[in-house]
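Reading the structure
Spelled out from the first residue to the last, the chains are:
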Amino acid sequence: MTMISEPSNATSYAPSPFDHPKADLILRSADGIDFRVSASILEISSEVFTNLCGDGNPGPDESRDGCPIVRVQEHSKTLHSLLSLIYPVELPVLNDIPHIQACLAAALKYGMKRSISLTRTALSSMIPEAPLRVWAVAARYGLEIEAQNAAAELLRQGITILEEHPPELEQSGLNAGHYFRLLKYQHLAGIVEQGFTLCGPPAPPALADLQSFPVASDNPLISSQSYTRIQSLADVIIRSVDGREFPAHKAFLSLASPVLAALLVALPLRDDIEGVGVTTADGVAVGDSLLPVVSLEEDAATLAIVLGLCYPRSEGGATVVPNPQILSTVMDAARKYGMSGAQRFLQEEWKKSLDSDPLRAYIIATRHRGDVEAREAARMLLDRKLEDYYTPILEVTSVSTYRSLVKYERACKTALGQHVQSCFHGNIGSGPSETVNHGGSESPYLPMKSESCRGHYVGMRARKSMIPCHGVSNLVSPSGACEPCIELAETIAGVLRQLELEPNALMSMILTRKSRSAAAMSQNLLCPHCSRPRDYVKLTAIYDELYTRVESIIHNVCRPSGPCAGQHGADVLPIHRHTQSIASLLSL
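One structure accompanies this document, and this report is about it. (Residues numbered from 1 in each chain as written. Predicted model: local features only at pLDDT ≥ 70, side-chain atom pairs only at ≥ 80, totals over all residues. Heavy atoms only, no water.)

**Some words on the pairing of strand β5 (residues 67–71)**
Judged by how many residues are buried, β5 sits mostly within the fold: four of five residues are covered. Where strand β2 (residues 25–28) lies against β5, three bridges are found, and the strand directions are parallel. The residue of β5 that forms the bridge with Ile-26 is Ile-69. With two bridges connecting them, strand β4 (residues 62–64) and β5 associate as antiparallel partners. The partner of Arg-64 across the bridge, within β5, is Cys-67. Connecting the antiparallel pair β4 and β5 is a turn made up of two residues, with Asp-65 showing a positive phi of about 50°. (Buried < 20%, exposed > 50% of the residue type's maximum accessible area, 1.4 Å probe, protein only. Helix = DSSP H or I, 4+ residues; strand = E, 2+ residues; numbered from the N terminus. Pairing = 2+ DSSP bridges.)

**Regarding unusual backbone geometry**
Glycine aside, a negative phi is what most residues show, and trans is what most peptide bonds show. Cis geometry marks the peptide bond from Ser-16 to Pro-17, where omega comes out at 10°. Position of Pro-17 relative to the elements: it lies in the loop between β1 (4–6) and β2. A positive phi angle is found at Asp-65, which is not glycine, with a value near 50°. Structurally, the position occupied by Asp-65 is in the loop between β4 and β5. Judged by its relative accessible area of 36%, Asp-65 falls in the partly exposed class. Even without being a glycine, Ala-189 presents a positive backbone phi close to 55°. Within the secondary structure, Ala-189 is located in the loop between α7 (176–187) and α8 (203–210).

**Quick look at helix α2 (residues 76–84)**
For α2, a buried count of seven out of nine residues is recorded, marking the element as mostly surrounded by other parts of the structure. Among the residues making up α2, those that are buried are Ser-76, Thr-78, Leu-79, Ser-81, Leu-82, Leu-83 and Ser-84. Its buried side turned inward, α2 meets β2, β3 (34–37), α1 (39–45), α3 (97–110) and α4 (113–125). (Contact = heavy atoms within 4.5 Å.)

**Thoughts on helix α16 (residues 371–380)**
Taking burial as the measure, the 10 residues of α16 include seven buried ones, the bulk of the element. Every buried residue belonging to α16 is among Asp-371, Glu-373, Ala-374, Ala-377, Ala-378, Arg-379 and Met-380, and all of these are buried.

**Some thoughts on the pattern of salt bridges**
Within this structure, the stated rule accounts for 16 salt bridges. The residue Asp-34 makes a salt bridge to Arg-64 at a minimum N-O spacing of 2.7 Å. Remark: Arg-64 occurs in strand β4 and Asp-34 occurs in strand β3; sequence separation between them is 30 residues. In this pair, the class of Asp-34 matches that of Arg-64, namely buried. The partner of Glu-153 in a salt bridge is Arg-156, and the shortest N-O contact between them spans 2.7 Å. Within this pair, Glu-153 and its partner Arg-156 are both found in helix α6 (residues 144–157), separated by three residues, close to a single helical turn. Of the residues examined, Glu-153 reaches a relative accessible area of 12% and is grouped as buried. Several salt bridges share partner residues, and in doing so they unite Arg-28, Asp-34, Glu-62, Arg-64 and Arg-71 into one network. (Salt bridge = Lys/Arg side-chain N within 4 Å of Asp/Glu carboxyl O.)

**Describing the environment of His-555**
Within the secondary structure, His-555 sits in helix α21 (residues 536–557). On the basis of relative accessible area, His-555 is assigned to the partly exposed category, the value being 45%. In this structure the C-alpha to C-alpha distance between His-555 and Arg-379, which are 176 residues apart in sequence, comes to 9.5 Å.

Read these as geometric descriptors, not functional statements.
Structure (structure tokens):
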């Protein structure tokens with residue numbers, strides 16, 4: 001094979017020693033710098049380079065000064081440092097995290113053990129200066145030792161992870177699963193269970209766990225039980241963008257989708273066709289028949305669900321539900337092809353996931369730009385402890401999506417805790433016709449007076465002296481009142497202490513309140529030991545105001561003009577400017 005030789009001055013050579021005239025191979029960097037190197041040194045350092053010339057990219061067909069040229073994807077700065085790590089020259093200076101990461105990625109790519117070891121050492125040296133950035137790089141490449149050392153340094157320096165957002169957090173390969181484990185590590189102060197890893201579960205098991213439908217590698221089947229009964233009667237082939245072929249039935253596809261119907265009605269057997277979403281059609285032999293082929297733009301995993309939704313549901317049979325990883329693409333395809341029935345089904349499935357797994361529901365909603373649903377799911381999560389809430393979909397979710405949710409949760413709970421704390425100082429709330437001093441010094445409910453107030457109590461100093469009861473004036477240590485008034489005040493104070501220590505308990509009450517009356521809430525949930533029914537009205541009014549305040553606090557955490565703006569991280573949820581819902585996006 002004749003090599004195409006370039007003029008010697010076509011591209012610049014790298015500086016010494018990578019311009020040696022006796023070198024027998026040229027590595028051309030992404031920015032067009034030629035490194036004239038010894039092939040034997042490369043082969044000793046990396047088996048990948050042994051066959052690199054034969055990969056056809058472009059291989060030995062291109063040459064310069066008698067040396068074959070191999071084009072690589074690395075920038076000349078990265079390539080120079082990488083080669084310097086294996087050449088008998090002075091080691092390069094690696095003191096910049098982006099450059100270290102580029103060299104590490106290249107060393108791992110080419111399997112250069114010495115270079116991997118040296119770049120890992122350089123990365124570790126940056127831990128005291130930038131522990132979160134080092135953790136991100138280490139987690140991205142599965143370097144557990146470096147990741148744990150960086151996490152320990154974050155604890156030692158007292159760095160709040162949520163307040164830092166370096167660019168390394170958004171790199172490809174780093175996901176919300178990594179971030180979840182780092183937050184958990186920090187929450188537990190590094191005292192984690194045996195076998196805990198920051199780099200997380202291997203990607204294949206995590207992704208396999210997300211799969212909830214069978215798509216065979218060689219013979220994918222449409223995800224519908226009713227389809228299997230009539231598969232042999234298929235009269236069209238639907239081909240995915242990744243080359244999988246699905247035998248299908250024109251009638252069912254046409255009934256489910258007007259867009260597909262328009263394409264299928266005039267579909268010839270062998271001629272090329274053109275249309276929206278279709279590239280070409282040809283014939284594929286299935287048994288004794290030659291079926292026309294329609295090529296769509298969706299991948300096989302998505303089409304296995306979308307096409308399955310075109311078929312009727314079998315009586316007593318379970319409809320295959322798309323897993324969260326691809327539900328968004330299935331929704332997009334259903335809308336694109338005008339599949340109204342499938343759209344309604346997908347909306348129902350999202351609502352089911354909201355109750356069973358609100359974290360997955362939130363992630364699906366954010367992916368699909370379902371702002372209304374994202375807010376609803378985020379609120380549902382406020383009664384959970386996110387540091388203990390793991391779902392495999394985190395392994396395929398961006399860090400920024402999950403980080404925004406965690407910031408929102410913490411902002412809400414911080415605001416709730418401050419409001420509960422203010423209640424101890426008088427700012428409990430007000431009834432319909434009463435006002436509250438928001439400075440926290442006075443409240444219509446203080447002094448706290450029971451409906452069963454006895455009007456007096458026995459004084460402690462003067463034996464048997466009867467002192468008029470004016471109610472309880474201090475919730476922190478209720479005293480100086482009759483027994484019913486103290487009992488009522490202690491009931492309120494007990495609830496407030498519980499909510500102060502566990503804000504998610506308050507959220508559980510608010511969510512439960514949607515299906516119960518305020519009176520039932522106060523009696524059954526907030527005052528289980530109260531023996532004075534006449535006080536339920538007073539308790540109900542107080543708790544009802546507390547709920548109203550909490551609703552307002554949560555609503556305003558997401559608004560830049562709200563009371564939490566600048567204090568708790570306003571607009572922390574990734575909600576879009578124009579509020580939409582999944583239903584509206586699906587044109588329901």
